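Structural overview
Read off the chains here:
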Amino acid sequence: MKHYFGSNTIVDITSHQKSISTLIQKTVDNHQIEEDAFFIGDLGDIIKKQKLWQECLPRVEPFYAVKCNDHYAVLKLLADMGLSFDCASKAEIQKVLKLGVDPSRIVYANPCKQTSFIKYAAKNDVSLMTFDNEDELVKIKAVYPGARLVLRILPPSNFKVQCDLGIKFGCFPGKAYHLLEAARKLGLNVVGVSFHVGSGCQEAEAYDAAIQQARDVFDMGLSMGFDMDLLDIGGGFPGHECEGVSFEEIAEVVNVALDKYFPGDDVRFIAEPGRFYVASAFTISTNIIAKRIVARDQRGKNAEPVDFPTADEEPAMMYYVNDGVYGSFNCLLYDHAAVVPSLLKNYDDDMLYTSSIWGPTCDGLDCIMPECKLPELRSGDWIYFRDMGAYTLASASTFNGMPAPNQYFVCQMDLWEEVYPNSEMDEKPVEKMIPVMKSGRYPFETMKFNQNVLPEGISVGDY
Ligand code: PLP
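Notes on the structure in this doc start here.

Thresholds, definitions, all that
- Residues numbered from 1 in each chain as written.
- Predicted model: local features only at pLDDT ≥ 70, side-chain atom pairs only at ≥ 80, totals over all residues.
- Heavy atoms only, no water.
- Helix = DSSP H or I, 4+ residues; strand = E, 2+ residues; numbered from the N terminus.
- Contact = heavy atoms within 4.5 Å.
- Areas by Shrake-Rupley, 256 points an atom, 1.4 Å probe, with all protein chains shown as cover.
- Buried < 20%, exposed > 50% of the residue type's maximum accessible area, 1.4 Å probe, protein only.
- 1 Å grid on protein atoms, 1.4 Å probe; cavity = no way out; pocket = protein on both sides within 12 Å on 5 of 7 lines; lining within 4 Å.
- Points joined across faces, edges and corners; volume = space filled by probe spheres on them.
- Nonpolar A, V, L, I, M, F, W, Y, C, P; charged D, E, K, R; others polar.
- Arc of directions from axis to C-beta.
- Expected span 1.5 Å × (residues − 1).
- Near = heavy atom within 4 Å.
- Polar contact = N/O pair within 3.5 Å; in protein donor to acceptor, adjacent residues only side chain to side chain.
- Sits in = over half its atoms within 2 Å of the grid points.

Some points on the overall build of the protein
For the protein, the helix and strand inventory stands at twelve helices and 22 strands. A separation of at least 24 residues holds for 71% of the contacts in the protein among residues at least 6 apart in sequence. When the accessible surface of the protein is summed, it comes to about 21,200 Å², and 49% of that surface belongs to carbon and sulfur atoms.

As for the side chain of D86
Here D86 is to be found in strand β5 (residues 84-87). On the basis of relative accessibility, which here comes to 1%, the residue D86 falls in the buried class. Among all residues touching D86, those that are not within four sequence positions of it are F63, Y64, A65, V66, K67, E92, V107, A109 and E272.

Here's the deal with empty space enclosed by the protein
The final tally for this structure, using the stated rule, is three cavities of 30 Å³ or more. Of the volumes computed, that of the largest cavity is approximately 80 Å³. Taken together, the residues of the lining of the largest cavity break down into nine nonpolar, six polar and two charged. Its boundaries defined by the atoms lining it, the second largest cavity holds a volume of some 60 Å³. If you go around the second largest cavity, the residues you meet are T14, H16, Q17, K18, L23, D42, V410, C411 and Q412. Broken down by class, the residue content of the lining of the second largest cavity amounts to three nonpolar, four polar and two charged.

Things to note about helix α1 (residues 20-30)
Looking at α1, one finds that the buried residues are I20, L23, I24, T27 and V28. With its buried residues spanning 135° around the axis, α1 presents them on a single face. Buried residues along α1 sit against β3 (38-42), β14 (282-295), β19 (382-385) and β20 (406-412). Within two residues after α1, Q32 carries a phi angle of roughly 45°, on the positive side.

Digging into helix α9 (residues 247-261)
Taking 1.5 Å as the rise per residue, α9 with 15 residues should run 21 Å; its terminal C-alpha atoms sit 21 Å apart, in good agreement. Taken as a whole, α9 has its buried residues at F247, I250, A251, V253, V254, N255, A257, L258 and Y261.

Here we look at the site of the ligand
Contacts to the ligand come from 16 residues, most closely from S199, E272, G274, R275 and Y391. G236 has a polar backbone atom sitting 3.0 Å from an oxygen atom of the ligand. In isolation the ligand offers 390 Å² of accessible surface; the protein chains occlude 93% of this area. Given that more than half its atoms are within 2 Å of the pocket grid, the ligand belongs to the second largest pocket. Of the residues that constitute the shell around the ligand, the class distribution is five nonpolar, six polar and five charged.

Put into structure tokens, the structure is as follows:
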């Protein structure tokens with residue numbers, strides 16, 4: 001069954017949970033994909049995350065951080081489930097408003113904003129926004145004096161995180177008085193305190209320490225006469241099973257800390273989770289477009305390929321796949337992520353070779369895995385990587401003219417119906433693949449859609 005979700009997006013609704021390798025093979029077969037890399041986005045996984053959030057942190061309203069993965073299907077589903085949104089720019093605010101989300105469901109959570117973007121927020125009643133410096137207050141006073149301001153403080157930095165955001169944002173709690181005083185002098189309205197412990201937090205206690213510190217600044221604001229009623233505990237929650245800490249463990253610490261430092265207060269608690277909602281929902285399948293066999297000690301060097309290594313020269317395999325660090329795997333550089341390759345085919349030969357996996361561009365930096373052990377693979381084989389939903393396509397480029405992968409969406413029927421009980425389904429909607437010139441990031445894109453519900457401005461007869 002298929003459902004047309006709007007904006008050229010079709011969701012394949014499956015009767016039961018299918019393994020990721022089955023989904024990949026089905027997608028390859030149904031869409032006759034010869035070799036192009038593609039994503040599978042499991043919307044059911046995002047629905048499960050929302051259920052988990054509601055179960056573990058019922059008092060904390062999630063404002064999904066759009067920057068993490070801004071695909072229409074993700075934002076639409078989250079909006080339909082009632083989530084609010086953390087936006088970092090005018091374009092993100094526009095995207096969210098376009099979905100029909102009320103401006104009161106947006107926090108403009110970038111402490112250093114371009115003035116024209118603040119004006120845009122003012123024009124569209126997006127009044128809740130963060131700040132961490134005096135210059136920002138002066139800009140806001142000039143163009144949006146009625147904004148509701150949230151002071152972002154720097155949480156304690158002695159905890160392990162994947163990406164430290166404190167090097168760039170957050171006012172030292174010791175400087176908070178000075179900033180609040182500046183806001184008071186300007187007649188601005190400070191309503192709360194926020195922090196971000198760092199993306200991919202690996203120690204739950206980081207939240208306890210930050211909430212305690214936020215309480216002190218909160219009290220400072222109250223004592224200065226501000227009508228403080230909001231605590232924003234930021235992001236940092238893990239999005240897939242990994243070493244370190246689980247979401248449930250963090251939620252437990254957060255709940256205890258909220259009871260301890262904000263007991264019985266009439267304070268609204270919000271958060272800005274990004275990776276939590278999307279990381280595990282996306283898997284990318286890449287195709288081996290080229291392969292070189294080199295001597296083991298010559299990997300990654302300007303070495304002569306050895307098609308037939310001698311007996312004492314153990315071969316190493318270099319595989320080139322069609323997405324890399326300039327595309328979806330930019331998470332290896334920017335997000336300090338680690339990825340794990342899986343193989344679509346079963347390989348009878350259980351001999352493992354020292355291997356490396358490279359992206360498709362001509363840059364030597366474009367390496368996905370400098371070393372791993374794999375059976376001998378061939379050009380045309382598929383290698384897939386799970387947990388690729390956070391900070392991947394959203395920050396990818398098309399360097400060297402490499403196209404962005406297509407995205408195919410699936411959802412298990414029972415989960416889908418929890419969100420969309422009366423959704424319209426087609427047994428077999430007619431799908432057309434239409435090449436469309438786009439002026440945006442990707443110069444040439446293939447659009448898939450249900451022929452019965454054509455995207456605005458497009459008719460099949462035109463092609
Ligand atoms: N809020 C802000 C201000 C951020 O900068 C980020 C990530 O960079 C997030 C929320 C989302 O963080 P995470 O994906 O770790 O939940």
